Structures are given as structure tokens and as C-alpha cells.
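Architecture and fold: a report
What follows is the residue order along each chain.
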Amino acid sequence: EVQLVESGGGLVQPGGSLRLSCAASGFTFRSYAMSWVRQAPGKGLEWVSVISRAGGFTNYAASVQGRFTISRDNAENTQYLQMNSLRPEDTAVYYCAKFKSEFAYKTVPELSDFDSWGQGTQVTVSL
């Protein structure tokens with residue numbers, strides 16, 4: 001059974017930083033590209049970032065480009081999202097998402113490209 005467990009969320013002031021983690025199990029982690037997706041209060045799901053299987057390719061939504069960094073450790077079956085210079089508009093539940101197809105990768109994936117999600121971790125940016 002695929003399991004994705006996010007952690008690392010919390011309350012942070014504007015300009016602060018957080019590092020999210022996603023621990024994966026139940027599948028061959030190194031064979032799948034991964035992403036982060038978020039949902040702000042009252043809004044739909046928004047794709048945030050993607051990373052290829054070996055981590056050599058990454059891409060970001062324009063709203064987080066230059067502030068967020070995605071990474072992964074295939075030996076630990078974990079992916080990360082380092083979030084710097086956080087803004088109130090970054091407030092959301094952040095989800096880890098696994099690509100549906102082994103070996104697939106898209107620079108800008110669609111939500112339909114994913115088949116498994118974590119339970120999410122809340123990030124709140126506020127004074």
C-alpha cells in the first residue's frame with residue numbers, strides 16, 4: 001500500500017522559513033517523479049513543484065520560484081520542500097503527490113498525473 005506522510009508544517013512569520021518532509025513507503029520511490037501541491041483556504045488545489053526520479057530536474061510554479069526548493073533522498077525514501085521568504089499567501093495545506101506512471105515526468109504536471117497523496121501538513125504564515 002502506497003503511503004505518503006508529510007511533516008514539518010506550522011506557524012511562521014512572514015519572511016520566515018520552513019522545511020517540509022514527505023516520507024514515502026509501499027512503492028519503489030526512486031522510480032517515480034514526485035511533486036508538492038497545496039490548497040489555500042477556500043481555494044482549489046495548486047501545483048507547487050516537481051522533481052524527477054533522480055532529482056536532476058526540478059520545476060516550480062511562478063508563485064514560489066526563487067523562494068522554494070524541492071529535493072529528495074532516494075536512500076531515505078523522502079522528499080523535501082524548503083520554503084524561504086514565506087508570505088501570507090503561502091498559507092495552505094501542503095500535500096506530497098506521487099506520479100501515476102513509473103518513469104514519467106512532466107515539467108508542469110496536471111493533478112490527473114498523480115495517483116497518491118499524503119494527508120497534508122498545514123502551513124500558516126502570519127504575524
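1. Side note on the pattern of salt bridges
A pair can form between side chains of opposite charge whenever their charged atoms are brought close. Following the criterion strictly, the structure yields 5 salt bridges and no others. Measuring nitrogen to oxygen at the nearest pair gives 3.0 Å for the salt bridge that ties Lys-98 to Asp-115. Taken as a pair, Lys-98 in strand E9 (residues 92-99) and Asp-115 in strand E10 (residues 114-117) lie far apart in primary sequence, 17 residues in all. With its nearest N and O atoms 3.2 Å apart, the salt bridge here joins Lys-106 to Asp-113. For Lys-106, a relative accessible area of 34% corresponds to the partly exposed category. On the accessibility criterion, Asp-113 (14% relative accessible area) is buried. Put simply, Arg-38, Glu-46, Arg-67 and Asp-90 are held in one network by salt bridges that share partners.

2. Overview of the packing of aromatic side chains
Using the criterion set out here, one finds 5 aromatic pairs in the structure. Centroid distance Phe-57 to Tyr-105: 6.3 Å. Interplanar angle 45°. Geometry classified as tilted. Taken as a pair, Phe-57 in the loop between strand E5 (45-51) and strand E6 (58-60) and Tyr-105 in the loop between E9 and E10 lie far apart in primary sequence, 48 residues in all. With a centroid separation of 5.2 Å and 85° between ring planes, the pair formed by Phe-99 and Phe-114 is classed as edge-to-face. Linking Phe-99 in strand E9 with Phe-114 in strand E10, this pair joins segments that are 15 residues apart in sequence. For Phe-99, a relative accessible area of 2% puts it in the buried group. Here the aromatic residues Phe-27, Phe-29 and Tyr-32 are joined through ring pairs into a cluster of three or more. One cation-aromatic arrangement involves Arg-72 over Phe-29; the distance from NZ or CZ to the ring centre is 4.2 Å. Of note, Lys-98 hangs over the ring of Phe-27, and the distance from its end group to the ring centre comes to 5.4 Å.

Reading guide: rules and limits
Residues numbered from 1 in each chain as written. Predicted model: local features only at pLDDT ≥ 70, side-chain atom pairs only at ≥ 80, totals over all residues. Heavy atoms only, no water. Salt bridge = Lys/Arg side-chain N within 4 Å of Asp/Glu carboxyl O. Helix = DSSP H or I, 4+ residues; strand = E, 2+ residues; numbered from the N terminus. Buried < 20%, exposed > 50% of the residue type's maximum accessible area, 1.4 Å probe, protein only. Phe/Tyr/Trp six-rings, centres within 6.5 Å; stacked < 30°, edge-to-face > 60°. Lys NZ or Arg CZ within 6 Å of the ring centre and 35° of its normal.

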